[in-house]
Structure formats: structure tokens, C-alpha cells
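# Reading the structure
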Amino acid sequence: MMTHPTDQTLRLPITGMSCAACVGRVEKALRAAPGVTRADVNLALETAEVAFSTPATPEDVVTALDRAGYPARVETLELAVEGMTCASCVGRVEAALAAVPGAIAAQVNLASETAQVDLPEGQDLSADLIKAVAAAGYEAHRKGETIAPPLDRKAAEAEALTRKLLLAAALALPVFVAEMGGHLYPPFHHWIMANIGMQTSWMLQFVLTAIVLFGPGRQFYQKGLPALLRGAPDMNSLVALGTLAAFGYSTVATFAPAILPAGSVNVYFESAAVIVVLILLGRALEARAKGRTGAAIRALVGLRPSTARVERDGATQDLPIAEIVVGDVVLTRPGERLAVDGEVLTGDSNVDESMITGEPLPVAKTAGDRVTGGTVNGAGALRVQATHVGADTMLSQIIRMVEAAQGAKLPIQALVDRVTLRFVPVVIAVAVLTVLAWLAFAPAPALGHALVAGVAVLIIACPCAMGLATPTSIMVGTGRAAELGVLFRKGDALQRLQEVKIVAFDKTGTLTMGKPVLTDLEVTEGFERTEVLRLVAAVEAQSEHPIAAAIVAAAEGPLPEIEKFGAIPGYGVAATVAGHRVMVGADRLMVRRKIDLAPLASSAAALGAEGKTPLYAAIDGKLAAVIAVSDPVKPSSAAVIQALHSRGIKTAMITGDNAAPAAAIARSLGIDHVAAEVLPQGKVEALEGLRASHGTLAFVGDGINDAPALAHADLGIAIGTGTDVAIESADLVLMSGDLTAVLNGFDLSAKVMRNIKQNLFWAFGYNVALIPVAAGLFYPWFGWQLSPMLAAGAMSLSSVFVLSNALRLRFVSGSHLPKEA
């Protein structure tokens with residue numbers, strides 16, 4: 001739980017103020033927030049200075065401005081944090097960051113070892129934030145300022161831990177064999193007594209254990225003991241206390257046994273040494289598994305070629321990607337990855353865009369087509385003019401989105417934070433009570449039993465698994481989603497998607513292809529279809545209307561020349577084509593020219609019932625054909641609607657199109673609710689009605705006019721083939737235009753949330769079940785007392801289990817629609 005100092009003053013830049021009335025509204029909104037004692041707003045500087053104390057927080061102040069319609073300008077600083085080992089560390093780093101004057105909010109991710117701090121725009125508090133983290137006992141630096149890349153650092157960490165593990169294991173093995181071997185095989189104990197002697201054996205164990213603890217295990221004491229002295233113990237503190245207690249007691253038993261009560265002189269060197277070995281083993285496995293959780297980012301980064309062939313000054317040269325600028329012409333040979341986003345100047349090829357869109361089939365590209373950096377060129381060569389380079393490419397934007405989602409904190413994490421921040425102090429208290437209870441109630445010699453129980457409680461209760469349960473699932477799940485063409489721009493969308501009760505779709509470009517095509521052409525007796533289409537297309541080629549373009553696109557071969565073209569406003573067009581007088585228009589044009597529509601009346605009525613608007617063509621004064629052009633429904637739309645219904649989710653369509661075609665499409669797709677002929681603001685009002693009737697709502701759209709609805713919905717889902725404005729307003733982006741990705745989003749959300757709950761159940765359940773066993777609660781009835789060595793093994797296993805369970809999400813597959821889709 002983050003804490004902020006009381007009596008803070010926060011200075012925030014504000015957007016949207018234009019007059020004194022705005023100033024008044026902003027000040028009124030700020031002063032109404034509980035805990036705010038003063039609010040001074042400056043219109044000229046566009047800033048607000050706010051004084052507040054508990055219960056108000058900087059986040060509350062920013063929220064009050066958002067609600068008033070004058071949002072603060074906030075930017076996010078990302079820090080890399082080293083030294084965190086458990087969920088308690090996360091809570092302490094968050095509290096330290098949030099306590100820095102000027103910081104608005106802080107989120108720390110244990111799995112990615114990063115912190116995201118929201119700051120007022122233009123304020124560089126990085127030095128203060130880094131100092132605050134250092135004062136809390138950890139190390140931080142601005143992300144990207146490390147000497148080695150994060151992935152290399154994680155690999156190096158795993159290798160270093162492995163070396164420490166092997167050394168510790170080699171030293172601990174003789175200690176374990178000498179002490180436990182005699183218990184397991186009594187003749188071995190007698191051999192040691194006869195040939196080495198018990199005192200000599202204990203002294204050798206002391207030396208080897210001391211090397212293990214203060215050599216490979218030194219990190220636990222370097223971090224754990226200072227944290228304990230600061231009053232902020234963490235997992236390292238528990239390990240340090242447990243191993244030092246066992247080592248200290250054994251040292252006294254070895255060198256000053258007279259101090260101990262009669263019958264309690266025993267050594268536990270093997271417990272201390274093996275605990276360090278097992279926890280190092282768990283840390284090494286954790287480090288390797290954490291490296292794999294970032295596999296998706298690693299794969300995306302690996303899509304960037306390091307160099308490209310560029311045409312400059314009449315010559316072709318190989319240049320580093322960083323030196324390519326907008327306007328450069330890049331040559332891409334067969335099989336190479338495209339280096340930049342751009343437009344094809346010359347060449348024909350098929351490009352594999354699967355890593356960007358999730359679509360498996362290559363896409364044909366020719367002159368004028370757009371291509372995306374990171375995709376794979378097929379068998380042809382392409383000359384591409386760069387339109388976006390470096391950080392502006394789609395691949396770079398995707399990587400930023402995935403990183404942001406992976407660093408997000410879900411609402412479910414709030415419970416974990418509240419528990420784990422106080423967990424370690426509670427465990428220490430339980431361990432002390434355990435020792436006192438054993439000393440008070442256990443039969444003599446009680447001191448040895450009390451020590452074993454206390455150490456077991458300290459070791460088994462390390463909250464590593466709790467801290468890793470949520471962020472590792474988010475990292476792996478959002479990474480896999482990106483591979484399937486689903487980008488969670490905001491990490492909490494993962495959880496909110498599971499709360500959705502109704503999904504509303506825009507029509508044009510979302511449910512439909514977004515491009516009119518000729519769907520129907522029926523000719524009357526005496527006319528041939530191909531010839532009629534050629535004549536009609538020749539006339540429509542003179543028009544820029546989308547319907548005309550669809551008719552022209554459907555005609556094959558060269559079109560005949562026309563004469564005497566004329567437009568009849570409100571009715572249609574007419575021209576002489578190859579000696580024929582051709583008219584194309586609505587029914588009123590035919591009626592006006594006294595052309596009988598009876599031969600095609602039934603066909604026109606059927607088209608109208610399907611929501612299509614029929615056009616007529618007359619040639620030389622005779623009715624020749626009825627034509628219908630419409631925006632066809634995407635092949636996957638019906639199956640997606642059906643699949644959502646099977647999940648218990650209602651569907652709606654909100655569109656600015658006419659009611660008749662909208663209703664016809666809704667009927668054909670099985671959509672539950674339709675709102676037609678609505679303006680962009682009307683879409684927001686329609687969403688409010690649907691939310692009031694059904695609950696949590698998601699909206700799927702692609703256009704500029706969808707941006708308000710995407711922002712207003714509980715969850716905005718943008719089609720990646722749409723506009724940048726729509727994408728920026730959304731919580732979730734579908735990189736391809738295929739609506740199947742909507743189902744991928746729902747399925748991935750469900751699997752990630754299920755994975756998180758499994759991890760949390762294991763992490764919490766493990767502690768709830770085993771702390772009483774470790775404390776010896778069942779000893780009076782069953783004689784159960786957990787060895788500290790087994791406690792260390794179980795603790796390490798819990799973290800490895802959580803990480804392994806999260807890694808299963810790497811193999812989640814996309815949704816498969818029925819074949820008829």
C-alpha cells in the first residue's frame with residue numbers, strides 16, 4: 001500500500017483552461033476533494049498549486065482535475081530497480097517513490113524489476129527518486145542507462161547465481177553427509193566417532209558452514225540485516241535471521257556447550273548450509289525463468305534488422321538502421337526483413353506480416369502499398385521509401401505498448417500489496433512466538449525444538465511467490481497476446497475484459513470491410529451481364545463517388561470511351577457509350593424518364609429487404625439492370641458474434657448509417673441491439689444506455705468518429721487497421737482487421753486471470769498451510785516438526801512453481817472459428 005507524506009504541496013500543469021470561469025471551476029473541483037486545504041490556479045501559466053494532507057493523495061488531486069474536465073499534464077518516468085526479491089520489497093520501493101515530493105503515483109513490477117512513476121510534466125525528479133530508492137535499501141537508475149541491456153543482465157545474474165550455487169553445494173555436501181548420514185545410517189555415525197571424533201566433526205562443519213554463509217550466502221546478510229535494522233525486513237532478512245540463528249546456536253554448542261541447558265547440546269550446521277544452497281537454487285531457477293518471461297519482447301526486438309541497403313547519392317550502401325531517415329529508399333531483397341515502415345516504389349512480393357498482425361498468410365505487396373518494418377519479404381525484391389523510422393515505426397510502438405502492459409498493475413494486485421507489505425514483520429513475530437511457546441510448553445530439552453521450529457517458520461514464509469504471482473502472468477500473457485496480434489495498451493484491461501457483459505461494435509470498417517463492392521447485378525431479358533457492366537462502369541468512371549468506384553472495380557478489361565456525360569443532381573448520371581445512351585440512377589430517375597421498372601420490381605424489393613439501396617441502369621430507353629453496391633460484412637463477423645453469445649456476452653451495433661441497412665446487417669449477424677443514424681456524440685449516449693441496461697461495456701471501432709466512444713467505454717477495443725486517433729483512445733488494439741482477434745483478447749484475458757488466481761492460491765495457500773506445520777502446531781498430536789532444510793526447499797519450490805505456471809501462457813493458441821466463418 002503506497003503512503004504519502006502529509007501536508008504536501010503539488011504543482012501541476014493543467015490543460016483545457018481558456019478563461020476565468022475555467023479557473024473557478026478548477027479551483028472549486030480541487031477544494032472539494034477531501035484533504036485539500038488550498039488550491040491556487042494560474043490561468044497565464046496554466047498551472048495549479050495544491051496543498052493537501054491525509055486522506056488526500058496526489059492521485060486524488062489528479063483524479064479531481066480529470067473529473068472536472070481539465071486533466072493535468074502527466075508524464076511517466078521508468079526506472080530499473082535492482083535488489084528486489086519479494087513482494088515486501090515491492091511495497092517498500094513503491095512507498096519510497098510515492099513519498100518523494102512531486103511524485104503523483106508509483107507502480108513497481110517485481111518480475112520486470114522496473115518502477116513507473118507518474119510526475120507532473122516537465123519536472124525531472126529522477127535524482128530524488130533514485131535517492132529515495134537507495135535510502136530504502138535498493139538500487140535504481142533510469143531505464144536504458146544500465147551498462148548492459150536488461151536481458152543480458154538477467155542472463156549474467158543467472159550465471160553468477162549458478163556459480164555461487166555450485167560452490168555452496170560443494171561445501172555443504174560434506175556437512176550434510178557428516179551430520180545426517182549418521183542419523184540415516186548409524187554405522188556411519190560410529191565410524192565418524194571412532195576415526196574423527198564428534199568435536200572435530202563439529203569444528204569441520206563450523207568451518208565449512210561459515211564459508212557457505214559468508215561466501216556464496218553473503219548477499220542475504222548484506223541486504224537482509226540492514227533492512228531489518230531499518231525496521232523494514234524483507235525476504236533476505238528472514239533467511240539471514242533463520243540461518244544465523246541455526247549457525248549461532250550450533251557455534252555455541254561446539255565451542256561453549258556449558259552455556260546451554262543439559263540435553264540441548266546439538267548442532268544444526270547442516271540446516272544453515274543446506275538452507276543457503278536451496279535458496280540459491282531457487283534464485284537461480286527464478287532468474288532463468290524471469291528471463292523467459294520476457295521472450296515476447298525479446299522476439300519483437302529481434303525483428304529489427306541491424307543494417308539496411310539504402311540508395312543515396314546515386315549509389316547503394318549498407319547503413320545502420322539508426323542512420324536511416326524519412327524519405328530514404330531502402331532495398332529489400334528476397335527473404336530479408338523490412339527495415340522501416342514505408343511505401344513500395346517498385347517491385348512485387350508477398351510479405352509475411354504474422355508477427356505484427358497474427359495473420360499466418362503472406363500479403364501481396366506492389367507499388368503504392370504500405371509495408372511495415374520487421375515483417376519478412378517473400379520471393380520478390382522491393383524498393384521501399386521510408387515513411388517512419390526509429391522510434392516512430394509500428395514495431396517500436398508495439399514494443400512500447402507491450403512493455404507498458406507488462407509493467408501494469410491489475411486491481412487484483414492491490415490485495416496482494418496490502419498483505420505482503422506487512423507480511424514479513426508478522427512472520428518474524430510468529431517465529432518469536434513459536435520459540436517462546438516451545439520453551440514454555442515443550443518437554444525438556446525444549447531449546448533445540450524451539451530453535452528448529454523458529455528457523456523453519458522464518459524460512460518457509462518468504463513471500464517470493466506472492467510477489468511473482470501476478471506480474472509474471474501479466475508479462476507472459478501480454479507478450480503472447482502481442483504475438484497473436486492483440487496489444488493490451490493498458491495492462492488493467494486484462495482484468496476488466498473479464499467483467500464485460502456487452503460488446504458494442506461500430507459497423508463500417510469493423511463489422512464490415514469498410515469498402516463498398518458490387519454485390520448484385522441482375523439484367524432484364526435481352527441484355528448480357530458483362531456488356532451491361534462495361535457500359536455502366538464506363539459512365540460511373542467519371543464519378544468520384546465510392547459507389548461508382550465499386551462498380552468500376554468490378555468491371556473487367558478496358559472500358560469504352562464515352563460522350564456527352566452529364567450528372568442529374570439528386571437522380572443519377574447519363575452518357576453516350578459506344579453509341580448507346582446509358583442512364584444510371586435511383587428509381588426516381590427511371591420514373592422521370594418513363595421507364596417501366598416492373599421487370600425488376602421483385603428483385604429490387606428483395607435487395608431493399610437486405611438493407612441494400614438498389615440502383616437502376618437503362619440502355620437506349622429500356623430498363624437493363626438493377627444494381628446493388630454495399631459494404632460487405634467481414635467473413636468472421638457472424639462467427640465472432642455467435643462466439644460472444646456462447647460466452648454469455650450480449651452484442652450491439654452502433655452506427656451512423658441509415659436504419660434500414662443497419663437493421664438488415666444486425667439481423668444477418670444475430671446482433672442483439674442496434675442504434676443507427678447516430679453522430680459521434682450520439683455513440684457515447686448510446687453506450688450510456690447500454691451500460692445502464694447490461695453493465696460493463698466494451699466498444700470496438702476503427703475510425704476517428706469512434707474515438708469518443710472508445711475512450712468512454714469501460715473497455716475500448718480499436719481495430720489496428722484504423723486511425724491513430726482511434727488507437728490512442730483504446731485500451732486494447734487488434735493489429736489485424738479480423739474480428740477473431742476480439743475472441744483472442746477475451747480468451748487470453750480469461751487464461752491470464754485464471755493463471756494469476758492459480759498462482760495466488762498457491763502462494764497464499766502454501767503459507768497458510770505450512771506456517772502452522774513449521775511452527776510445530778501438529779507436533780503434540782502427530783509428532784510433525786518440519787526440518788528447516790525441507791522448509792527452504794519448499795519455499796524455493798513455491799517460487800519456481802509460480803514462474804513455471806506463468807510460463808505456460810507462452811503456448812496459448814488463438815481462437816479458431818467454425819469453418820463456415
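Residues numbered from 1 in each chain as written. Predicted model: local features only at pLDDT ≥ 70, side-chain atom pairs only at ≥ 80, totals over all residues. Heavy atoms only, no water.

On to the overall build of the protein chain. For the protein chain, the helix and strand inventory stands at 31 helices and 29 strands. In the protein chain, which comprises 821 residues, the proportion classed as buried is 52%. Of the contacts formed within the protein chain by residues at least 6 apart in sequence, a portion of 69% connects residues at least 24 apart. About 35,400 Å² of surface is accessible on the protein chain, with carbon and sulfur atoms providing 60% of the total. (Helix = DSSP H or I, 4+ residues; strand = E, 2+ residues; numbered from the N terminus. Buried < 20%, exposed > 50% of the residue type's maximum accessible area, 1.4 Å probe, protein only. Contact = heavy atoms within 4.5 Å. Areas by Shrake-Rupley, 256 points an atom, 1.4 Å probe, with all protein chains shown as cover.)

With that out of the way, let us pick up the packing of helix 20 (residues 529-540) against helix 21 (residues 546-554). The packing of two helices is summarised by the inter-axis angle and the distance between the axes. Contact geometry for helix 20 and helix 21: axes closest at 8 Å, N-to-C directions at 140°. Between helix 20 and helix 21, the angle is such that the two are oblique. At the point where helix 20 passes helix 21, the crossing takes the left-handed sense. Listed contacts from helix 21 to Leu 533, Val 536, Ala 537 and Glu 540 of helix 20 are Ala 548, Ile 551, Val 552 and Ala 554. Its residues assigned to classes, the contact of helix 20 with helix 21 shows 7 nonpolar, no polar and 1 charged. (Axes fitted to C-alpha atoms, helices over the stretch in contact; angles between N-to-C directions. Parallel < 35°, antiparallel > 145°, perpendicular 65-115°, else oblique. Left-handed = near helix turned anticlockwise from the far one by under 90°. Nonpolar A, V, L, I, M, F, W, Y, C, P; charged D, E, K, R; others polar.)

The terminal C-alpha atoms of helix 20, which comprises 12 residues, lie 16 Å apart, in line with the 16 Å expected from a rise of 1.5 Å per residue. Those residues of helix 20 not exposed but buried are Val 532, Leu 533, Leu 535, Val 536, Ala 537, Ala 538, Val 539 and Glu 540. Measuring from the side-chain oxygen of the N-cap residue of helix 20 to the backbone nitrogen of Thr 530 gives 3.2 Å; that N-cap residue is Glu 528. (Expected span 1.5 Å × (residues − 1). Polar contact = N/O pair within 3.5 Å; in protein donor to acceptor, adjacent residues only side chain to side chain.)

This paragraph deals with the pattern of salt bridges. Taken as a whole and judged by the stated rule, the model has 15 salt bridges. One salt bridge in this structure joins Glu 27 and Arg 31, with 3.7 Å as the shortest N-O distance. With Glu 27 and Arg 31 both in helix 1 (residues 20-31) and 4 residues apart, the pair spans about one turn of that helix. Of the charged contacts in the structure, one is a salt bridge between Asp 40 and Arg 38, with a shortest N-O distance of 2.7 Å. The class of Asp 40 is partly exposed, set by a relative accessible area of 36%. Taking the relative accessible area as the measure of exposure, Arg 38 reaches 30% and is therefore partly exposed. (Salt bridge = Lys/Arg side-chain N within 4 Å of Asp/Glu carboxyl O.)

What follows covers the UniProt feature "transmembrane region" (unreviewed entry) in the protein chain. In this numbering, the UniProt entry assigns the feature "transmembrane region" (unreviewed entry) to residues 165-185, 191-214, 235-259, 265-285, 419-441, 447-470, 760-782 and 788-807. Along residues 191-214 one finds 92% helix and 0% strand; the C-alpha atoms at either end are 30 Å apart. This span, residues 235-259, is 84% helix and 0% strand, and a straight line between its end C-alpha atoms measures 31 Å. (UniProt positions renumbered as here; feature names shortened; annotations may be inferred.)

Moving on: the sheet that holds strand 28 (residues 715-719). Across the sheet, 7 strands lie side by side as 17-29-28-27-18-25-26; this open sheet has mixed pairing. Edge positions in the sheet fall to strand 17 (486-488) and strand 26 (673-675), since each has one partner strand and no second. The average angle at which neighbouring strand axes cross in this sheet is 20°, direction not considered. In this structure, strand 18 (residues 502-506) lies alongside strand 27 (residues 697-701), joined through 4 bridges in parallel fashion. Bridging across to strand 27, Ile 502 finds its partner in Leu 697. Packing of helix 24 (residues 637-646) onto the sheet brings it into contact with strand 18 and strand 25 (650-654), and relative to strand 25 it is tilted by some 140°. (Pairing = 2+ DSSP bridges.)

Next up on the list: the nonpolar core. Ranked by size, the top nonpolar core spans 133 residues in total, and within it Met 84, Leu 97, Leu 129, Ile 460 and Val 503 carry the most contacts. For this core, the element with the highest residue contribution is helix 29 (residues 740-775), accounting for 15 residues. Once residues within four sequence positions are removed from consideration, Val 503 is found in contact with Leu 644, Ile 649, Lys 650, Thr 651, Ala 652, Ala 698, Val 700 and Phe 746. Of all hydrophobic cores here, the second largest spans 25 residues; its members include Ala 537, Val 539, Ala 575 and Val 582. (Core = buried A, V, L, I, M, F, W, Y, C linked by side-chain atoms within 4.5 Å.)

Moving on to the packing of aromatic side chains. Applying the stated criterion across every chain yields a total of 7 aromatic pairs. The interplanar angle of 80° and the centroid separation of 6.0 Å between the aromatic rings of Phe 214 and Phe 247 together place this pair among those described as edge-to-face. Residue Phe 214 is located in helix 7 (residues 198-214), and its partner Phe 247 is located in helix 9 (residues 235-255); the two are separated by 33 residues in the primary sequence. Given a relative accessible area of 40%, Phe 214 falls into the partly exposed group. Considering the side-chain rings of Phe 247 and Phe 269, the 5.8 Å spacing of their centres and the 65° angle between planes classify their relative orientation as edge-to-face. (Phe/Tyr/Trp six-rings, centres within 6.5 Å; stacked < 30°, edge-to-face > 60°.)

What follows is about unusual backbone geometry. Unlike most non-glycine residues, Ala 578 shows phi in positive territory, near 50°. By secondary structure assignment, the location of Ala 578 is in the loop between strand 21 (572-577) and strand 22 (580-585).

One full turn of an α-helix is made of 3.6 residues, so residues set three or four places apart face in the same direction. Taken residue by residue, helix 2 (residues 58-68) has Pro 58, Val 61, Val 62, Ala 64 and Leu 65 as its buried positions. The buried residues of helix 2 occupy an angular sector of 155° when the element is viewed end-on, so they sit on one face. Looking one or two places after helix 2, you find Gly 69, whose phi comes out positive at around 90°. (Arc of directions from axis to C-beta.)

Moving on to the sheet that holds strand 5 (residues 105-109). Ordered by their spatial adjacency, 4 strands build an open sheet running 5-6-4-7, and the pairing between neighbours is antiparallel. Looking at which strands have only one partner, the edges of the open sheet turn out to be strand 5 and strand 7 (139-142). Adjacent strand axes in the sheet meet at a mean angle of 30°, parallel and antiparallel pairs treated alike. The pairing of strand 4 (residues 74-82) with strand 6 (residues 114-120) spans 7 bridges and is classified as antiparallel.

Of all 6 residues in strand 21, 6 are buried, a share of seventy percent or more. The alternating pattern of strand 21 places Gly 572, Ala 574 and Thr 576 and Val 573, Ala 575 and Val 577 on opposite faces, both of which are buried. As defined by bridge partners, strand 20 (residues 562-568) adjoins strand 21 across 5 bridges and the pair is classed as antiparallel. Residue Ile 562 lies in a different strand from strand 21, and its bridge partner there is Val 577. Pairing analysis gives 6 bridges linking strand 21 to strand 22, with the strands arranged antiparallel. Looking across to strand 22, one finds that Val 573 is bridged to Val 584. Where strand 21 folds back on strand 22, the antiparallel hairpin that results is connected by 2 residues, among which Ala 578 adopts a positive phi of roughly 50°.

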